[in-house]
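# Residue-level structural notes
These are the residues of each chain, in order.
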Amino acid sequence: MIVFGSTGSIGQNTLLLARKFKTKISALSCNQNIKLLNKQIEEFKPSFVCIGKNADKSLVKFNKSRIFTDQEGLEQILELCDDELVVNAIVGFAGLRTSLKAKALNKSIALANKESLVVAGKFLQDARITPIDSEHAALNFLLKNQDKKSISRLIITASGGAFFKLKSKDLKKVDAKMALRHPNWSMGAKITIDSATMANKLFEIIEAYHLFKLKNIDALIEPSSIIHALCEFKDGGVSAYLSVADMKLAISQALFMKNEQKITKTLDIVKLASLKFHKISVKKYPIFSLKKPLLDNVDLGVLINSANDFKVQEFLNGKCKFLDIQRGIFKSLDHFGEPKIKELAEIFELHLRVKEFLKGKH
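Computed from a prediction, not measured in an experiment: that's the story for all the values here.

### Looking at the overall build of the chain
Of the regular secondary structure elements, the chain holds 14 helices and 11 strands. Here the C-alpha atoms of the chain give a radius of gyration of 20 Å, agreeing with the 21 Å that 2.2 N^0.38 yields for 362 residues. In terms of its C-alpha atoms, the chain occupies a principal-axis envelope of roughly 55 × 55 × 40 Å. Buried positions account for 56% of the 362 residues belonging to the chain. Taking all contacts inside the chain whose residues are at least 6 apart in sequence as the whole, residues at least 24 apart take part in 62%.

### Overview of the sheet that holds strand β10 (residues 227-233)
Strand order across the open sheet formed by four strands is β9-β8-β10-β11, with mixed pairing between neighbours. In this open sheet, the two strands that pair with only one neighbour each are β9 (217-221) and β11 (238-242). The average undirected angle you get between the axes of adjacent strands in this sheet is 20°. Taken together, the five bridges between strand β8 (residues 151-158) and β10 define a ladder with antiparallel strand orientation. Paired with Ile156 across the bridge in β10 is Ala229. Most of the contacts of helix α6 (residues 134-142) go to β10, to which it runs at about 40°, and overall it touches β8, β10 and β11.

### Some thoughts on the packing of helix α12 (residues 300-316) against helix α13 (residues 323-336)
Each pair of packed helices can be summarised by the angle the axes make with each other and by the distance between the axes. At a minimum axis distance of 8 Å, the contact between α12 and α13 shows a crossing angle of 145°. Of the two possible hands of crossing, α12 and α13 adopt the one that is right-handed. The segment α12 lies against α13, with Leu300, Leu303, Ile304, Ala307, Asn308, Lys311, Val312 and Phe315 engaging Asp324, Ile325, Gly328, Ile329, Ser332, Leu333 and Phe336. Counted by class, the contact of α12 with α13 contains 10 nonpolar, three polar and two charged residues.

### Thoughts on a positive patch on the surface
A cluster of basic side chains, namely Lys167, Lys169, Lys172 and Lys173, defines a positive patch on the protein surface. Note that Lys169 resides in the loop between β8 and α7 (176-179).

### Some words on the nonpolar core
Core analysis: the largest hydrophobic core is formed by 107 residues, its most contacted members being Ile132, Leu154 and Ile304. For this core, the element with the most residues is helix α9 (residues 199-212), which contributes eight residues. Beyond its immediate sequence surroundings of up to four residues, Leu154 is in contact with Leu139, Leu143, Phe212, Leu214, Asn216, Ile217, Asp218, Leu230 and Cys231. By size, the runner-up hydrophobic cluster in this structure holds 13 residues, among which are Val174, Ala176, Ala196 and Phe322.

### Some details on the packing of aromatic side chains
In this structure the tally under the stated criterion is seven aromatic pairs. Clustering of aromatic rings is evident, with ring pairs tying together Phe163, Phe315 and Phe322. The ring of Phe348 is capped by Arg97, whose NZ or CZ atom sits 3.8 Å from the centre of that ring. Sitting over the ring of Phe357, Lys331 keeps its end group 5.4 Å from the ring centre.

### What to know about empty space enclosed by the protein
Counted by the stated rule, this structure contains three cavities of 30 Å³ or more. Put simply, the largest cavity is a space of about 70 Å³. What lines the largest cavity is a set of 12 residues, among which Ser134, Tyr241, Ser243, Leu249 and Ala250 lie closest to the centre. Where the lining of the largest cavity is concerned, the elements lending two or more residues are α6 and α10 (247-255). Tallied by class, the residues present in the lining of the largest cavity amount to seven nonpolar, four polar and one charged. Its boundaries defined by the atoms lining it, the second largest cavity holds a volume of some 60 Å³. Contributing to the lining of the second largest cavity are Leu171, Ala196, Thr197, Lys284, Tyr285, Ile287, Phe322, Leu323 and Gln326. Across the lining of the second largest cavity, the residue classes break down as six nonpolar, two polar and one charged.

Here is what the cut-offs are and how they apply
Here, residues in each chain are numbered from 1, in the same order as that chain's written sequence. The predicted nature of this model means local features are confined to residues of pLDDT at least 70 and side-chain atom pairs, given and counted, to a pLDDT of 80 or more, with totals for whole chains, interfaces and linings taken over all residues. As a rule here, side-chain values come from all non-hydrogen atoms in the structure, and water together with hydrogens is ignored. Secondary structure follows DSSP: runs of H or I at least 4 residues long count as helices, runs of E at least 2 residues long count as strands, and numbering of each begins at the N terminus. To get the radius of gyration, use the C-alpha atoms; to get the globule rule, take the number of residues to the power 0.38 and multiply by 2.2 Å. Only protein chains enter the accessibility calculation, which uses a 1.4 Å probe. A residue is then buried if its area is under 20% of the maximum for its type, exposed if over 50%, and partly exposed in between. By definition, residues are in contact when any of their heavy atoms lie within 4.5 Å. Pairing between two strands requires that DSSP report at least two bridges joining them. Axis definition: a line fitted to C-alpha atoms, over the contacting stretch in the case of helices. Angles run 0 to 180 degrees between N-to-C directions. Each crossing gets its handedness from the near helix: less than a right angle anticlockwise from the far helix is left-handed, clockwise is right-handed. When residues are grouped by polarity, Ala, Val, Leu, Ile, Met, Phe, Trp, Tyr, Cys and Pro land in nonpolar, Asp, Glu, Lys and Arg in charged, and all others, Gly among them, in polar. Only residues whose relative accessible area exceeds 30% and that form no salt bridge enter a patch; like-charged residues are grouped when within 9 Å of one another, and nonpolar side chains (Val, Leu, Ile, Met, Phe, Trp, Tyr) when within 5 Å. Accessible surface is estimated by sampling points in the Shrake-Rupley manner with a 1.4 Å probe; for residues, cover comes only from the protein chains shown. In the sections that follow, a salt bridge refers to a side-chain nitrogen of Lys or Arg positioned within 4 Å of a carboxyl oxygen of Asp or Glu. Charge counting follows a simple rule: Lys and Arg are positive, Asp and Glu are negative, and His as well as the terminal groups are ignored. Note on charges: their place is set at NZ of Lys, CZ of Arg, CG of Asp or CD of Glu. Take the buried Ala, Val, Leu, Ile, Met, Phe, Trp, Tyr and Cys residues and link them wherever side-chain atoms come within 4.5 Å; each set so joined is a nonpolar core. To pair, rings of Phe, Tyr and Trp, with the six-membered ring standing in for Trp, must have centres within 6.5 Å; the planes then decide the type, stacked if under 30 degrees apart, edge-to-face if over 60, and tilted in the middle. Counted as over-ring charges are cases with an Arg CZ or a Lys NZ within 6 Å of the ring centre that also lie within 35 degrees of the ring normal. Put plainly, a pocket is an open set of points on a 1 Å grid over the protein atoms alone with protein on both sides within 12 Å along at least five of seven lines, a cavity is a set where a 1.4 Å probe fits but cannot get out, and a lining residue has an atom within 4 Å of a point. Grid points are joined across faces, edges and corners, and a volume is the space filled by probe spheres set on the points.

Keep in mind that these numbers describe shape and distance, not what the molecule does.
What follows is the structure, encoded as structure tokens:
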């Protein structure tokens, strides 16, 4: 298989499983972590490698003629590799073109890049996608062999992020270092911040909508991250998927569906602590108030994602406050209104326009 974003959290866990199942890796990619990439190259001996910058080529311990760069390089590798399976674990909007190219080549996509569906879900409807997110992997499992007409609601869960125990007024004082202390998961910086603002859960709802073609989707906070998703049925029954918080389980289900090997420790049900659910407060997490507007007009995903992308990076760089992330999103929505996107090119154009607007260059 092809693993794009191999040095990130999802990529590293994917390669751990590839080692376990003795799976051939034909291509690897990273943006800047050349040191780790070199270790991965040494172990997995791929045919192709892609990095973010041409200037870093000399640092890569690999045949220089088989090192590609930037987005064009990723697309060239997809064309050159016969592998049917692509793991897209690229962070943010940058992963969209990879998903679109994989679809055009009729490859199967193990998708961790939620932005692909958030901003362009309607253009990926015919793609062969298996989700890697723990919540969507859980829903995928719960919905197997189910008649969708019997389902009344899907529910995904949120941990509450780093600031679940803080009050709304306390969020004025938090910094990036505090926001990156996720209580349950070890993830990349952007998704950890998105977890703290609840943008991640908003994105996962629209992702679930595109994946499962059901619109009645909600999210609840379950602080232990033991319950990943629930499915409510019209007859009153509810099914739930429980496991320890370990991304390797969701990844293994996406990549090795017939797997019968042990991936993670089993929950000891007898010793299980009491599980509690909490509604997501839109006062504390105003970004989550966009759930209904986004489900009603999926094209809003481009605006929300682009503004969030830009403001999260500013926050991580110390250029804005935590609450400025949500302000940037609502400011962009007020400015651009309700987009009606008909062509793929419009997504990329609007993405740039939002960033220019937030830079004050409009």
